[in-house]
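One letter stands for each residue in the lines below.
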Amino acid sequence: MGRRGAGLLVGSEWAYMSDGDLAGRAASGSQDAYSELVRRHSTKLLNLAWRMIGSEDAAWDAVQEALLAGWRGISNFRGEAEFYSWIRRILVNAIMGQFRKEGRNRAGTVSLDMPADSGEPGEPLHLQVEDAGSDPQDVVGRIETAREIAKAVARLPDIYKTVFLLRETELMSYSEIAGVLGIAEGTVKSRLSMARRILRETLGEEVKAARFA
Amino acid sequence: MKPTVGCNTRGRDGAPSHLDDESLGAYVDGELHAWAEQAAADHLRTCSPCRAAAEAIAALGSAARRSESPEWDVEAMVALVDAGISETGAVGMACESRGSMAEGMLRGSWAGRVIGWVRSRRRLALGLGIALIVLAVSVLGVAGTAYRRELTAEDKLLVDSHYIVRSGNVGALLVSYPGR
């Protein structure tokens, strides 16, 4: 069981400490310091998990498990990276592990006339914009709400969705994504490209359907 | 413009071509090398379909970041994690390490972490222990052999005739031999 308060700080005083300091105190056994870290980062972690998994309950469970794993491993946190990056990595790995267990870690059914994912680092897909099947400017014009995008993202196969979310909502670099997922940067690039192409196609079809219904 | 992979302004047949999707995405993401980025920027200045595609990629990302998400009860998560920690144990401790006063005193300390580490990795700790013993025996053997090499022939004869040497305890013999 961790120590409460560490005998020095109480209540909102934790709120004035940096993540690094809190992590250091948590590594020394301060449960209150860790609680403050949980308070600060839960929302971002829950949003990411929810977007990846697509279920509020499952996202809740995944984040809770990741935070407990974070507590157990906090003494390994060296402070070289941000605490959020460190705990996010734990969360993403846990979710990807769950996907693998459930057999969800596949490209899924992609109704486009190209290989779903070469898996080879650096292998270009050689897509031409004019072959994408819809005018990109038209797509931009048709995007009515962010909710449409969220729905389309939720329907992406997991391996594309994960890379897309890590890039677009977490603003991670290709090398960071590659490091977290344990794949080559070239694979990140090709999966991201595929995710964007699917989204363009999906949103185009949805809008067309709505227009002519 | 300098021709680059995925960044050609003209195809093999000389017809105008465009940036491929990966290069375009990498450009929007700021992931191209400087020389490729410059080439892509030059191309985008003159190619409206590619510029529109780049804007579409940027718009997708922007909309994804704005997308709605559920209202989360953060304090409930804090309480759940707190409860989980109470069941799990202290930093670096295995679940079964709860209980005794001595362990409670050790929690969070250097000794506590070592104990926690050993408990959570028993096989590794056992292997390390055996390796340390083998290393210590080897060092003693090498040291003893080196010491014997320095002895004169007469001393060696003396040493070899001693019963302790025959049992392999060279160091003990050389220190304790009464004739020296």
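The next subject is the overall build of chain A. Looking only at helices and strands, chain A has nine helices and zero strands in total. Among the 213 residues that make up chain A, the fraction classed as buried is 42%. Within chain A, residue pairs in contact and separated by at least 24 positions form 68% of the contacts whose partners lie at least 6 positions apart.

Another aspect to go through is the overall build of chain B. Within chain B, the regular secondary structure consists of ten helices and zero strands. In chain B, the succession of helices and strands from N to C terminus is α-α-α-α-α-α-α-α-α-α. Of the contacts formed within chain B by residues at least 6 apart in sequence, a portion of 38% connects residues at least 24 apart.

Generally speaking, soluble globular proteins have nonpolar side chains that are buried together. All names here are of chain A. The biggest cluster of nonpolar side chains holds 69 residues, and the ones touching the most others in it are Ala49, Val63, Leu91, Val163 and Ala195. Looking at this core, the element that brings in the most residues is helix α2 (residues 31-53), giving eleven residues. Setting aside its immediate chain neighbours within four residues, Leu91 contacts Leu45, Leu48, Ala49, Ala62, Val63 and Ala66.

We now examine α2 of chain A. Residue and element names in this part refer to chain A. Helix length check: α2 (23 residues) gives 29 Å between terminal C-alpha atoms against 33 Å at 1.5 Å per residue, more than 12% under. The element α2 is largely enclosed, with a buried count of 19 among its 23 residues. Backbone geometry just downstream of α2 places Gly54 in the positive-phi region, at approximately 90°.

Below, the discussion takes up the packing of α2 of chain A against helix α4 (residues 83-101) of chain A. Residues and elements named next belong to chain A. As a packed pair, α2 and α4 sit with axes 10 Å apart at the nearest point and diverge in direction by 35°. Crossing of α2 over α4 shows right-handed handedness. Facing α2, whose interface residues are Leu37, His41, Lys44, Leu45, Leu48, Ala49, Met52 and Ile53, α4 presents Phe83, Tyr84, Ile87, Arg88, Leu91 and Ile95. Grouping the constituent residues of the contact of α2 with α4 by class yields eleven nonpolar, one polar and two charged.

When glycine is set aside, most residues are seen to have a negative phi, and most peptide bonds are trans. Residues and elements named next belong to chain A. Phi at Leu171 takes a positive value of approximately 55°, unusual for a residue other than glycine. The topology assignment puts Leu171 in the loop between α7 (158-168) and α8 (174-181). For Leu171, a count of 11 C-beta atoms within 10 Å corresponds to the exposed category.

Residues and elements named next belong to chain B. Averaged over all residues, the pLDDT of chain B is 71; the fraction at 70 or higher stands at 58%. Averaged over each element, pLDDT in chain B is lowest for helix α5 (residues 101-106) (39) and highest for helix α1 (residues 21-28) (93). With pLDDT under 50 throughout, residues 7-16 is counted as low confidence; its partners more than four residues away or in other chains account for 15 contacts. Ignoring residues within four places in sequence, the model shows residues 93-108, a span with pLDDT below 50, making 25 contacts including any to other chains.

So, about the packing of helix α3 (residues 56-73) of chain A against α4 of chain A. Residues and elements named next belong to chain A. Where α3 meets α4, the closest approach of the two axes is 9 Å, and the angle between their N-to-C directions is 125°. Relative to α4, the element α3 lies oblique. Two packed elements cross with a definite hand, and for α3 against α4 that hand is right-handed. Here α3 contributes Ala62, Val63, Glu65, Ala66, Leu67, Ala69 and Gly70 to the contact with α4, which in turn contributes Ile87, Ile90, Leu91, Ala94 and Ile95. A breakdown of the residues in the contact of α3 with α4 according to their chemical character gives ten nonpolar, one polar and one charged.

Residue and element names in this part refer to chain B. Most of α1 is tucked away, with eight of its eight residues classed as buried. Along α1, the positions that sit buried rather than exposed are Asp21, Glu22, Ser23, Leu24, Gly25, Ala26, Tyr27 and Val28. Gly30 sits one or two residues past α1 and shows a positive phi near 70°.

The next thing to look at is the confidence of the model for chain A. All names here are of chain A. Counting all residues, the mean pLDDT for chain A is 77, and 70% of those residues have values of 70 or more. Taken together, the stretch residues 108-134 has pLDDT below 50 and engages in 58 contacts with residues farther than four places along the chain or on a different chain. Confidence drops under a pLDDT of 50 for residues 207-213, and excluding neighbours within four residues, the segment shows one contact in the predicted structure.

Cut-off values and rules
Residues numbered from 1 in each chain as written. Chains lettered and ligands numbered in written order. Predicted model: local features only at pLDDT ≥ 70, side-chain atom pairs only at ≥ 80, totals over all residues. Helix = DSSP H or I, 4+ residues; strand = E, 2+ residues; numbered from the N terminus. Buried ≥ 20, exposed ≤ 12 C-beta atoms within 10 Å, placed from the backbone. Contact = placed C-beta atoms within 7 Å. Core = buried A, V, L, I, M, F, W, Y, C linked by C-beta atoms within 7 Å. Expected span 1.5 Å × (residues − 1). Axes fitted to C-alpha atoms, helices over the stretch in contact; angles between N-to-C directions. Left-handed = near helix turned anticlockwise from the far one by under 90°. Nonpolar A, V, L, I, M, F, W, Y, C, P; charged D, E, K, R; others polar. pLDDT = per-residue confidence, 0-100. Parallel < 35°, antiparallel > 145°, perpendicular 65-115°, else oblique.

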